[in-house]
Amino acid sequence: MTETWIILGATSSMARAFARAVSKNGDQVILAGRDIPDLEASASDCALQGAPIAEAIQFDAREAATFAPIIERASELEGMINVAVFVGSMPSQDQIDTDPSLIAGTVTDNYAGPATFLQLVASTMEERGGGTVVGVGSVAGDRGRIGNYVYGSAKAGFHTYLSGLRNRLTRSGGHVVTVKPGFVDTAMTWGIEGMFLVATPDKIAADILKAVEKRKDVIYTPGFWRLIMGIITAIPERVFKKLSV
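Attention here is on the structure that accompanies the text.

The rules behind these values
Residues numbered from 1 in each chain as written. Predicted model: local features only at pLDDT ≥ 70, side-chain atom pairs only at ≥ 80, totals over all residues. Heavy atoms only, no water. Buried < 20%, exposed > 50% of the residue type's maximum accessible area, 1.4 Å probe, protein only. Helix = DSSP H or I, 4+ residues; strand = E, 2+ residues; numbered from the N terminus. Arc of directions from axis to C-beta. Contact = heavy atoms within 4.5 Å. Axes fitted to C-alpha atoms, helices over the stretch in contact; angles between N-to-C directions. Left-handed = near helix turned anticlockwise from the far one by under 90°. Nonpolar A, V, L, I, M, F, W, Y, C, P; charged D, E, K, R; others polar. Pairing = 2+ DSSP bridges. Right-handed = clockwise from strand over helix to strand, strands pointing away. Patch = residues over 30% accessible without salt bridge, like charges linked within 9 Å, V, L, I, M, F, W, Y side chains within 5 Å. Areas by Shrake-Rupley, 256 points an atom, 1.4 Å probe, with all protein chains shown as cover. Salt bridge = Lys/Arg side-chain N within 4 Å of Asp/Glu carboxyl O. Lys, Arg positive; Asp, Glu negative; His and termini not counted. Charge placed at Lys NZ, Arg CZ, Asp CG, Glu CD. Phe/Tyr/Trp six-rings, centres within 6.5 Å; stacked < 30°, edge-to-face > 60°. Polar contact = N/O pair within 3.5 Å; in protein donor to acceptor, adjacent residues only side chain to side chain.

Notes on helix H3 (residues 67-75)
Here is step 1 of the chain: By the burial criterion, the buried members of H3 are Phe67, Ile70, Ile71 and Ala74. Projected down its long axis, H3 carries its buried residues within an arc of 95 degrees, all on one side.
Here is step 2 of the chain: The elements touched by buried residues of H3 are strand S1 (3-8), strand S2 (28-33), strand S3 (54-58), strand S4 (80-85) and helix H5 (102-127).

Spelled out as structure tokens, the structure:
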């Protein structure tokens, strides 16, 4: 069966790796983001990997007017419509402490924008009787920590939204995979101090594809982050609030 993947935030290294992977499966891809020349280069690569249709289109999480044209284009294509969300931004907590106005953009990029897009496309997916949503969150959303609690709170909101959307789409044959990566070697994490056990984008993409195939609900990637975050979330608040983790 023909499938189309709308990939939001398609200029990120994780998104590129995922786009190549689904292209090798023969799926159609719509690469959505802000840098059109970059996206067009990625689309050419996807076509070489096997995607019968590979197109670039404008998307900005902070510009709702860019949402509808993407959905309209996907609706013109046959088969199931899938969406993979790799959108996000992560100002440092120090930057946000200095300029709290950055909170609005952080929440829009990591939660409100992607959630609005998914809400708009959900009815089309239901009409077609299936489809998959991949929502890339973060282990940072599992607990508020002093070093990135604004970013973490936005991801936590996105996780909760994805849980509700999964409940909705399941009724029409669809599925939602919530992805919680740990540290990944991407442009967004470049230069951040204290990172450890850093994964490659290709590793994350492979784990996501396996989760889609097995219809997993929530995954941590790499998998050891489930144990790490289990320990972190189990620490009593009276102790946790004194820690610098």
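Side note on the packing of H3 against H5
Here is step 1 of the chain: Contact geometry of H3 with H5 gives a least axis separation of 10 Å together with a crossing angle of 35 degrees. Considering only the axes of H3 and H5, their crossing is right-handed. Residues Phe67, Ile70, Ile71 and Ser75 of H3 touch H5, and the partners they reach there are Gly113, Thr116, Phe117, Leu120, Val121 and Thr124.
Here is step 2 of the chain: When its residues are assigned to classes, the contact of H3 with H5 shows six nonpolar, four polar and no charged.

Details of the sheet that holds strand S6 (residues 175-181)
Adjacent strands of a sheet pair through backbone hydrogen bonds, lying either parallel or antiparallel.
Here is step 1 of the chain: Taken together, seven strands build an open sheet; the order of strands is S3-S2-S1-S4-S5-S6-S7 and the sheet is parallel. The open sheet has two free edges, formed respectively by S3 and strand S7 (218-221), since each of these has just one partner strand. For this sheet, the mean angle separating the axes of adjacent strands, direction not counted, is 20 degrees.
Here is step 2 of the chain: Note: strand S5 (residues 132-136) against S6, five bridges, orientation parallel. Note on S6: the bridge partner recorded for Gly135 is Thr178.
Here is step 3 of the chain: Most of the contacts of helix H2 (residues 36-49) go to S3, to which it runs at about 165 degrees, and overall it touches S2 and S3.

Description of the pairing of S3
Here is step 1 of the chain: Alignment of S2 against S3, held across five bridges, turns out to be parallel. Within S3, the position partnered with Gly33 by the bridge is Gln58.
Here is step 2 of the chain: Running through H2, the crossover from S2 to the neighbouring parallel element S3 is right-handed.

Notes on a positive patch on the surface
Here is step 1 of the chain: Together, Lys210, Lys214, Lys216 and Arg226 make up a positively charged patch on the protein surface.
Here is step 2 of the chain: Checked against the element boundaries, Arg226 lands in helix H8 (residues 225-234).
Here is step 3 of the chain: A residue is classified by how much of its surface remains accessible, and Arg226, at 44% relative accessible area, is partly exposed.

Considering the packing of aromatic side chains
Here is step 1 of the chain: Applying the stated criterion across every chain yields a total of seven aromatic pairs.
Here is step 2 of the chain: Ring plane angle 85 degrees and centroid distance 6.0 Å describe the contact between Phe59 and Phe117, whose orientation is recorded as edge-to-face. Pair noted here: Phe59 is in the loop between S3 and H3 and Phe117 is in helix H5, with a separation of 58 residues, a long-range link.
Here is step 3 of the chain: With centroids separated by 5.5 Å and ring planes inclined at 85 degrees, the aromatic side chains of Phe183 and Trp225 adopt a geometry described as edge-to-face. Placement of Phe183 in the loop between S6 and helix H7 (201-213) and of Trp225 in helix H8 is noted, with a sequence separation of 42 residues between them.
Here is step 4 of the chain: Overall, the relative accessible area of 24% leaves Phe183 in the partly exposed class.

Quick look at the environment of Arg168
Here is step 1 of the chain: Tracing the sequence through the fold places Arg168 in helix H6 (residues 149-169).
Here is step 2 of the chain: Residue classification places Arg168 among the partly exposed positions, given a relative accessible area of 29%.
Here is step 3 of the chain: The spatial distance from the C-alpha of Arg168 to the C-alpha of Ala122 is 8.9 Å, given a sequence separation of 46 residues.
Here is step 4 of the chain: When sequence neighbours within four positions are dropped, the list of residues in contact with Arg168 reads Gln119, Ala122, Ser123 and Glu126.
Here is step 5 of the chain: At 2.8 Å, the side chain of Arg168 and the side chain of Glu126 are in polar contact.

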